[in-house]
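Observations on the three-dimensional arrangement
Read off the chains here:
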Amino acid sequence: MIGMHAIVIREPGDAEVLEWTDVPDPAVQPGEVLIEVAASAVNRADVMQRLGLYPPPEGAPPYPGLEVSGRVAEVGPDVTGLKAGDEVCALLAGGGYAERVTVPATQVLPVPRGVDVVDAAGLPEVACTVWSNVFMLGGLSAGETLLVHGGGSGIGTMAIQVAKARGARVVCTVGSAEKAARCRELGADLVVNYREEDFVESGPYDVILDLMGAKYLARNVEALATGGRLMVIGLQGGARAELDLGKMLRKRALVHATSLRSRPLEEKAQIVAAVHEHLWPLLASGEVRPVIDQRVPMADAARAHRLLEESGHVGKILLTV
Ligand SMILES: NC(=O)c1ccc[n+]([C@@H]2O[C@H](COP(=O)([O-])OP(=O)(O)OC[C@H]3O[C@@H](n4cnc5c(N)ncnc54)[C@H](OP(=O)(O)O)[C@@H]3O)[C@@H](O)[C@H]2O)c1
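Nothing here was measured: the structure is a model prediction, and the numbers come from that model.

Moving on, we come to the pairing of strand β3 (residues 32-41). Burial analysis of β3 places 8 of its 10 residues in the buried class, which makes it a mostly covered element. Bridge count between β3 and strand β6 (residues 100-104): 5 bridges; the pairing is antiparallel. Bridging across to β6, Glu36 finds its partner in Arg100. Bridging between β3 and strand β4 (residues 67-75) involves 7 bridges; their strand directions are antiparallel. Residue pairing for β4: Val37 is matched across the bridge by Gly70. Bridge count for β3 against strand β15 (residues 316-320) is 3 bridges, and the pairing is antiparallel. Across the sheet, Ala41 pairs through a bridge with Leu318, a residue of β15.

Bringing the nonpolar core into the picture now. In this structure, Val275, Leu279 and Trp280 are the most contacted members of the largest nonpolar core, which totals 44 residues. Of the residues that make up this core, three or more belong to each of domain 1 (4-123 + 290-320) and domain 2 (129-257). When neighbours within four sequence positions are excluded, Trp280 is seen to be in contact with Cys89, Leu109, Pro110, Val111, Pro112, Leu123, Ala127 and Val275.

One pass over the structure, following the stated rule, counts 17 salt bridges. Of the charged contacts, one joins Lys316 and Glu67 as a salt bridge, the two residues approaching to 2.7 Å between their closest N and O atoms. With a gap of 249 residues between them, Lys316 in strand β15 and Glu67 in strand β4 connect regions that are remote in the sequence. Accessibility expressed as a relative area gives 4% for Lys316, which makes it buried. Salt bridges sharing common partners tie together Asp25, Glu36 and Arg100.

This brings us to the packing of aromatic side chains. Both the distance between ring centres and the angle between the ring planes are used here to describe each pair of aromatic rings. Counting across every chain of the model gives 2 aromatic pairs. Relative to Phe135, the ring of Trp131 has its centre 4.5 Å away and its plane inclined at 20°; by these criteria the two rings are stacked. Here Phe135 and Trp131 lie together in helix α2 (residues 124-137), a separation of 4 residues that amounts to about one turn. Take Trp131 and Phe135: they sit in the same class, and that class is buried. Taking the ring centre of Tyr54 as reference, the NZ or CZ of Arg261 above it sits at 4.8 Å.

About the criteria used
- Residues numbered from 1 in each chain as written.
- Predicted model: local features only at pLDDT ≥ 70, side-chain atom pairs only at ≥ 80, totals over all residues.
- Heavy atoms only, no water.
- Buried < 20%, exposed > 50% of the residue type's maximum accessible area, 1.4 Å probe, protein only.
- Helix = DSSP H or I, 4+ residues; strand = E, 2+ residues; numbered from the N terminus.
- Pairing = 2+ DSSP bridges.
- Core = buried A, V, L, I, M, F, W, Y, C linked by side-chain atoms within 4.5 Å.
- Domains from an automatic or database assignment.
- Contact = heavy atoms within 4.5 Å.
- Salt bridge = Lys/Arg side-chain N within 4 Å of Asp/Glu carboxyl O.
- Phe/Tyr/Trp six-rings, centres within 6.5 Å; stacked < 30°, edge-to-face > 60°.
- Lys NZ or Arg CZ within 6 Å of the ring centre and 35° of its normal.

Right under this line is the structure:
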């Protein structure tokens with residue numbers, strides 16, 4: 001065992017608990033590949049994990065990191081279609097903040113044509129979350145209106161671009177004029193500054209992609225169109241609130257809350273395959289671009305976490321090895 005460097009969470013706490021230190025090398029299992037990591041990216045979930053509020057699922061590495069890009073270093077038994085040296089990115093259940101990581105081959109994607117290998121680290125989590133929620137479960141179609149809360153987030157910047165490319169009308173919420181300008185550049189038809197205006201007034205919306213949870217539940221339901229679909233992926237505004245079923249019933253509306261990380265391997269494989277089929281061509285054609293706020297050395301992951309928590313960023317914060 002040669003060993004590698006990874007970010008270890010010494011104990012639950014603020015960003016200073018993240019330590020770049022020596023850990024054992026991962027060993028590739030049947031159906032998996034070993035990736036030599038070029039970069040990972042910071043997700044809200046990593047902050048929750050650092051705080052001790054979001055433990056990794058069983059079997060996942062203890063280090064944070066839900067996505068990486070890099071080069072295939074080794075291919076395990078029963079893997080077809082991938083070989084050592086391939087430039088790839090991958091959706092992980094954890095362990096991306098490291099020099100090497102193993103992942104089921106079904107969660108590996110090629111680096112899209114025209115995309116830098118480091119920038120590709122910021123794609124798997126947002127691409128899979130947006131595609132599975134807005135399109136697979138939410139069924140957004142051309143001509144419909146999507147409301148994206150947090151348009152400047154990693155998730156938001158991807159959702160705006162993909163929904164526009166698929167012919168939807170897109171409205172998003174943001175907390176600052178700078179983020180509003182960036183979201184308009186990305187294609188948003190209308191941007192609502194939630195500190196000054198009420199997003200309900202710009203509705204109704206066929207699909208809402210929500211990250212606030214309890215705080216926005218009543219207003220989200222109010223803002224849904226008849227037959228509307230509310231997709232809850234974040235609980236930044238709490239988990240418990242009252243749901244007006246009368247309003248839902250009259251609108252024949254749907255509320256769906258889900259987390260990508262805990263889904264079974266078969267479901268993740270289906271999502272990754274659908275993303276490859278439908279979203280990767282949009283990246284290769286340049287219609288959808290990775291939105292990168294900045295690159296931070298992985299050893300300095302603490303600074304990257306502070307940046308995410310301060311919320312001045314637009315798009316993804318990358319961690320480079
Ligand atoms: N369920 C899943 O499978 C899944 C997967 C991935 C991500 N997520 C969730 O998706 C969310 C975005 O993730 P991320 O990694 O892209 O995070 P991020 O880049 O840190 O974005 C968080 C965003 O929340 C926005 N925000 C804060 N208060 C708001 C409010 N009152 N109204 C509207 N927006 C508000 C911030 O924008 P302002 O600065 O403009 O306020 C910021 O852009 C997180 O909640 C994350 O946990 C869920």
